[in-house]
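Single-letter residue listing:
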Amino acid sequence: MFAGLDEIDWAGMSHAYGPATEVPELLRGLVSADPATREIALDGMYGAVHHQGDVYACTIACVPYLFEVVTRAGGAGRGPVVSLLASIGGAEVDDPDELVRSAEAGRDDEDDDENWAENYRRAEAVVAAGLPVFLDLLTDPDPAVRRAVPEALLVCRAEAPRTLDTLRRRLPAEPDAEARTALVEAAGSLVRRAAAGHLPSVPESSLRAATTWLLELVGDTSVASALRLTALTSVSAGAPSMLPADLVPRALALLDGAYQKPASAPEPAGFSTDTLIGAIRALHEQADAGRRGPRLGPAVGSLSRALGDRVDDRIRLVSTLLDGSDRERRLDALPAAGQLVDGWRGDYRELVGLIGRQLADPHPLLSRAAARTLVHLGELNRPAADALAEAVAGAAREEPHHSAAGPPAWVMVWPSHGPTVGGTLAALARLGDARALPPLRWALERDEPPKDAGAALSGLGPAAVELLPLVRRQLRRLSPTDRDFPERRGGLARAVGSLGPAGVPALPELLPLATDGWVIRQLGRLGPAARDAVPVLRPLLDAPQRGPALAAAAALHRITGDPARLLPVLGRFLDGDQFDASDAAQEIAEIGPAAAEWLPRLRALLGRPDPHGWVHLRAAGAVWRVAGDAETVLPVLSRVWERNVHTRRAVATLWAEIGTPAAAALPLLRAERERARRHTARDNGWSSAQVGEDEELLRLMAAAVTALAPAES
């Protein structure tokens, strides 16, 4: 086994963290008799050799040896290695061509020796060449191997029709429930990809036959409810037009049948490792402990995602589970509820209220899961405000970050960085709820306050003025040698800025910190009452760096209202790189007609290459506010809107300012308003800001429609 492994020049190849010299040790670790050693080795493979899905030359060089591992008869730990092969081959990728195009477009580092696009192609080819091995492993004695193989078969895209037929024929003979689920899930993935046009090898007849088979499974009462639910999920994702009219009641009935089946929690592994894989395994063991029924959260989440834009059906599904008395069903529904609100638009008032009710449940996993779901929802949390306040009032003052005992404490303590504000307290503060003030006061009085205390405080607005003395004290105590110094400084400055003129008493503490652009901008938010900051800010106009100079110009304009001293500073940066020009144009837009001397250069910016649209957006905004030239600006705004979804809040704001001359933009606004998906939501990524930003876009679009077509509003 592993013949020739040490003859390969691993040092000449790289992985995520440098030369791939430890690959032979990792590969040998995968076949160790010690399960902890195997887990550490597998974590190393995912963490470095196949880091976040990347495929390096060394990743491909490992594939023949990984096949040796999985074909080692009777060897322990082979199932996870089959899954690793599946991941290297891109089994989870619907459209590999899109992955390759993205890799080619993103390859701009001259020092990068990896040909990412070619690596992905080669990895798929070498893993797909193992089709005979995977087919043999479908009958392996180890159920863990059989559970992993169906996903690996998804790599073999050219053989998709054969794979569909193989999965269907294997199902009646498969004795293991989890392996049966994996067979149906893999068939569903193939149906979905074929229906989307990603598998040209699958003829229409094969697609129809596979879909019909899945529908037959849904209605087969001799089949376990959980498996029928998996089949229903597969049809929902691949052939939504064939779904039954009573979809949600049927799904709930299948879930009810699945929950009725008693579940015995898997035996704990009996060891621990300091790895990400080990931590995830421990979390699963913790989640399974003490359950009466099977853990169906993944099934609920898969069905919800498969329903896509059918938001009302999805709300009904998860709300019914959350409104019941069965704690396990509520626990399983929370992740699906969170994913729904995060990614799709809808009327979530009732659902958010139901999530908030879970905060009061005495089961620590349930209340903690509810808190995680609510943390980033911003204004959508309004129906849960009382529940959040009660959870905060009853929470511990501080606790370690890994605690799972109910809703988060006011302060979470971390080993590697400073403490942070607990999730429920932060969510309550973002609502501007004064009930967040007492715990935030306590947090600010600590010897080491949370590093994000200022950011949390800023959500309370003027109501937080009573805590200004504590903020000033923390500003005085700040030192550049403090851990998390930039974050603490920025957050506390933001808290002062959020108070407007009422924050002026903190000028003596803020001015010594006014070397950072973010802090300088907070001085500007204090307005004319901050005139004592002018002597400190004026010298910064000559700073060579864009950040301090432009921030000082913006702050001085807000404080003095006189643009005369600022215009030369802004002009200095208009001819700079895209960041210089974009920021300068944005500040010129704030000044308005008094900046008319820069109009020729602003118009020139509209002709510069700008792949992401930010320079064009800011220059167009400046041209509009300086000259009122809608004819020049409107085509630019429409192009930017289409090119970069992240610009849409700013574009909608400008359309509303321009008014009826921008009426040609109404089709773009209507199309965006009709979308069920949040405008920045992605299947392969997430942002804690995406809900708040999308809700803001919806409000801005409503205002724009009113301005462009008053009768339509």
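Here, every reference points to the structure presented above.
Residues numbered from 1 in each chain as written. Predicted model: local features only at pLDDT ≥ 70, side-chain atom pairs only at ≥ 80, totals over all residues. Heavy atoms only, no water.

Colleague: Is there a simple way to explain the overall build of the chain in this structure?
Modeller: Broken down by element type, the chain carries 37 helices and 5 strands. Taking 2.2 N^0.38 as the reference for a compact globule, 713 residues should give roughly 27 Å; the C-alpha atoms of the chain span a radius of gyration of 29 Å, in line with that estimate. Its C-alpha atoms give the chain principal-axis dimensions of about 80 × 65 × 55 Å. When each of the 713 residues of the chain is scored for burial, the buried share is 53%. The long-range fraction of contacts in the chain, counting pairs at least 24 apart against all pairs at least 6 apart in sequence, stands at 66%. (Helix = DSSP H or I, 4+ residues; strand = E, 2+ residues; numbered from the N terminus. Rg over C-alpha atoms; globule rule 2.2 N^0.38 Å. Buried < 20%, exposed > 50% of the residue type's maximum accessible area, 1.4 Å probe, protein only. Contact = heavy atoms within 4.5 Å.)

Colleague: So what exactly am I meant to see when it comes to the packing of aromatic side chains here?
Modeller: Aromatic rings considered in pairs are described by the distance between their centres and by the relative angle of their planes. Applying the stated criterion across every chain yields a total of 5 aromatic pairs. Taking 6.1 Å as the distance between ring centres and 55 degrees as the angle between the ring planes, the aromatic pair formed by Phe 2 and Tyr 65 counts as tilted. A residue pair is termed long-range when its members are at least 10 positions apart, and Phe 2 in the segment before β1 (14-15) and Tyr 65 in helix α3 (residues 57-70) qualify at 63 residues. The residues Phe 2 and Tyr 65 share a single accessibility class, namely buried. Seen in terms of ring centroids, Tyr 56 and Trp 116 are 5.1 Å apart; in terms of plane orientation they differ by 70 degrees. Their pairing is edge-to-face. Taken together, the residues Tyr 56 in the loop between α2 (35-49) and α3 and Trp 116 in helix α6 (residues 116-128) connect sequence positions 60 residues apart. The exposure class of Tyr 56 is buried, given its relative accessible area of 6%. Owing to a relative accessible area of 15%, Trp 116 belongs among the buried residues under this scheme. A cation over a ring is seen here: Arg 281 above Phe 271, with NZ or CZ 4.5 Å from the ring centre. In this arrangement the basic side chain of Arg 677 is found over the ring face of Trp 344, its NZ or CZ atom lying 4.1 Å from the centre. (Phe/Tyr/Trp six-rings, centres within 6.5 Å; stacked < 30°, edge-to-face > 60°. Lys NZ or Arg CZ within 6 Å of the ring centre and 35° of its normal.)

Colleague: Would you mind showing me how to read the packing of α3 against α6 here?
Modeller: One way to put it is that α3 packs onto α6 with a least axis distance of 9 Å and a crossing angle of 5 degrees. One finds that α3 runs roughly parallel with respect to α6. Residues Ala 57, Ile 60, Val 63 and Phe 67 of α3 form the contact with α6, whose participating residues are Asn 119, Arg 122, Ala 123, Val 126 and Val 127. Residue classes in the contact of α3 with α6 are distributed as 7 nonpolar, 1 polar and 1 charged. (Axes fitted to C-alpha atoms, helices over the stretch in contact; angles between N-to-C directions. Parallel < 35°, antiparallel > 145°, perpendicular 65-115°, else oblique. Nonpolar A, V, L, I, M, F, W, Y, C, P; charged D, E, K, R; others polar.)

Colleague: It is not clear to me how the pattern of salt bridges should be interpreted in this structure. Could you clarify?
Modeller: Two side chains bearing opposite charge may form a pair once their charged atoms approach each other closely. Applying the stated criterion to the full structure yields 53 salt bridges. For Glu 124, the salt bridge goes to Arg 157, with nearest N and O atoms at 3.1 Å. Note that Glu 124 is positioned in helix α6 and Arg 157 in the loop between α8 (143-153) and α9 (160-170), a separation of 33 residues in sequence. Like Arg 157, Glu 124 is buried. (Salt bridge = Lys/Arg side-chain N within 4 Å of Asp/Glu carboxyl O.)

Colleague: I'm lost on helix α15 (residues 297-306) in this one. Help?
Modeller: Because an α-helix completes one turn every 3.6 residues, residues spaced three or four positions apart along the sequence face the same direction. Buried within α15 we find Gly 297, Val 300, Gly 301, Leu 303, Ser 304 and Ala 306. Where α15 terminates, the next one or two residues include Gly 308, which has phi positive at roughly 55 degrees.

Colleague: Whenever I open this one, the environment of Leu 467 confuses me. Can you help?
Modeller: Looking at the secondary structure, you find Leu 467 in the loop between α23 (453-458) and α24 (468-477). In contact with Leu 467, other than residues within four places in its own chain, are Leu 437, Leu 440, Arg 441, Leu 444 and Leu 457.

Colleague: Sorry, what's going on with the side chain of Glu 124 here?
Modeller: For Glu 124, the side chain forms a polar contact with the side chain of Arg 157, separated by 3.1 Å. For Glu 124, the contacting residues outside a window of four places in its chain are Gly 89, Pro 96, Val 155 and Arg 157. (Polar contact = N/O pair within 3.5 Å; in protein donor to acceptor, adjacent residues only side chain to side chain.)

Colleague: Would you mind showing me how to read helix α11 (residues 204-219) here?
Modeller: The terminal C-alpha atoms of α11 lie 23 Å apart, and with 16 residues this matches the ideal 22 Å at 1.5 Å per residue to within 8%. Along α11, the residues that are buried comprise Leu 207, Ala 210, Thr 211, Trp 213, Leu 214, Leu 217 and Val 218. For α11, the angular spread of the buried residues around the axis is 155 degrees, confining them to a single face. In this fold, the buried residues of α11 make contact with α9, α10 (177-195), α12 (225-238) and α13 (247-259). (Expected span 1.5 Å × (residues − 1). Arc of directions from axis to C-beta.)

Colleague: How should I be thinking about the side chain of Ser 498 in this particular structure?
Modeller: If you trace the backbone, Ser 498 turns up in the loop between α25 (485-497) and α26 (507-510). Take Ser 498: its relative accessible area is 13%, and that puts it in the buried class. In this view, Ser 498 contacts Ser 458, Gly 461, Pro 462 and Arg 525; residues no more than four positions away in its chain are not counted.

Colleague: It is not clear to me how the sheet that holds strand β3 (residues 398-400) should be interpreted in this structure. Could you clarify?
Modeller: Either a parallel or an antiparallel arrangement is found when strands of a sheet pair, and the pairing is made through backbone hydrogen bonds. Pairing within the open sheet is mixed, and its 3 strands lie in the order β3-β4-β5. Two strands bound the open sheet, and with one partner strand each, they are β3 and β5 (420-421). Note: β3 against strand β4 (residues 411-413), 3 bridges, orientation parallel. Its bridge partner lying in β4, Glu 398 is registered against Val 411. (Pairing = 2+ DSSP bridges.)

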